[in-house]
Amino acid sequence: MTAYLLNLATLATIFGILAASLNLLIGYAGIFSVAHAVFFGLGAYAGAQVAMLVVPDVLLACLAGGALAALLSLGLALPALRVRGEYFVAASLGLQMMAVTVFSEAHGFTGGHGGLVGIPLPTLLGFDVSAQGTFLTLCLIILGLILLAIRLLMRGSFGRALMAIRDSESAAEAFGKDVRQLKTLVVVLGCALAGVGGALFSFYMMFVNVESFTLEQSILIMAMVIIGGTATLAGPLVGVLLLLLLPAALSFLPFIPPTQIGAVQQFIYGLAMALLMIFRPAGIAGQSAGRR
């Protein structure tokens, strides 16, 4: 049971990094992307390749995963500069669908449908950090540092400018904000953090393939942010805990057949989203529009 709980906690921490990074785009900048799993995957593949070909150092793998995701995030940032609202959602959807095909066919980098296997045990500056408790502690430290950085950024002029763009892009431009530059920066930053989460994921699973980076995964991450509450530090974490613990909780209910857990889970997700939009549109931990 202890190992099972540590497994859930580690996955929740990694998805907490993912949800917090997407919250930068959705909650603070008003950029709705359904392609976040793409950058999660880029970080995972880059981290795995560094571990297998160079050295299995977590720090180096996270830097490589974050850097690659940040570089290729310009493919998402460029349409963000030209379109807004539902048009950007459509552009990010196209990127997500294209990336799944590339991940499936780029055998030299991703291993194709078979994925990358044999990822070595993680180390940090030469020390073994592969034990479950040790790796969980490391992930928690990284999550804490990311949340602290987001808090500091959002309380400064950068964060205020982003929220001005979220509320009214035209008004932000009228007040002299460089909307193009700010949107590019937040997309690059959010995707880089997703890459860091991907590198941690590859070390923890010791195997990565395209099935972990599909549209369904992007939608799950978005649901975590929206259900938990956008534009808050705690909201995405609340959403992660609810959506990751739900399948585990359902598996303990004897009247639900194991083959039906997925269908029941999807029904509960949809019901929760609908009820939240009616009764608490800012999410469980979200703030009202007037207090943001």
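Look up a bit, the structure's there.
Calculation criteria
Residues numbered from 1 in each chain as written. Predicted model: local features only at pLDDT ≥ 70, side-chain atom pairs only at ≥ 80, totals over all residues. Heavy atoms only, no water. Helix = DSSP H or I, 4+ residues; strand = E, 2+ residues; numbered from the N terminus. Buried < 20%, exposed > 50% of the residue type's maximum accessible area, 1.4 Å probe, protein only. Areas by Shrake-Rupley, 256 points an atom, 1.4 Å probe, with all protein chains shown as cover. Axes fitted to C-alpha atoms, helices over the stretch in contact; angles between N-to-C directions. Parallel < 35°, antiparallel > 145°, perpendicular 65-115°, else oblique. Contact = heavy atoms within 4.5 Å. Nonpolar A, V, L, I, M, F, W, Y, C, P; charged D, E, K, R; others polar. Core = buried A, V, L, I, M, F, W, Y, C linked by side-chain atoms within 4.5 Å. Salt bridge = Lys/Arg side-chain N within 4 Å of Asp/Glu carboxyl O. Patch = residues over 30% accessible without salt bridge, like charges linked within 9 Å, V, L, I, M, F, W, Y side chains within 5 Å.

(A) Summary view of the overall build of the protein. Assigned secondary structure in the protein consists of 13 helices and four strands. The principal-axis extent of the C-alpha atoms belonging to the protein is close to 55 × 50 × 35 Å. Counting all 292 residues of the protein, 50% fall into the buried class. When the accessible area of the protein is evaluated, it comes to approximately 13400 Å², of which 71% is carbon and sulfur surface.

(B) Here's a closer look at the packing of helix α8 (residues 157–167) against helix α10 (residues 179–205). Relative orientation of the contacting elements α8 and α10 amounts to 110°, with a least axis distance of 10 Å. Classed by the angle they form, the pair α8 and α10 counts as roughly perpendicular. Listed contacts from α10 to F158, A161, L162 and I165 of α8 are V179, L182, K183, L185 and V186. Of the residues that constitute the contact of α8 with α10, the class distribution is eight nonpolar, no polar and one charged.

(C) Spatial organisation of unusual backbone geometry. Of note in this structure, L125 is not a glycine but carries a positive phi near 55°. Tracing the sequence through the fold places L125 in the loop between β2 (123–124) and β3 (127–128). Residue class for L125 comes out exposed when judged on its relative accessible area of 64%. A positive phi angle, near 60°, is found at M206, a position not held by glycine.

(D) The nonpolar core, seen in detail. Formed by 87 residues in total, the largest nonpolar core has its most connected members in F39, L200 and V208. Once residues lying within four places of it in the same chain are set aside, the contact partners of L200 are I14, I17, V58, C62, F135, C139 and I142.

(E) Examining the pattern of salt bridges more closely. Scanning all chains against the criterion turns up two salt bridges. In this structure, R166 engages D167 in a salt bridge whose closest nitrogen and oxygen atoms are separated by 3.1 Å.

(F) Looking closely at a nonpolar patch on the surface. A cluster of nonpolar side chains, M52, L53, V54, V55 and L60, forms an exposed patch at the surface whose accessible area comes to about 450 Å². Within the secondary structure, L60 sits in helix α3 (residues 58–72). In this structure L60 comes out as partly exposed when scored by relative accessible area, which is 36%.

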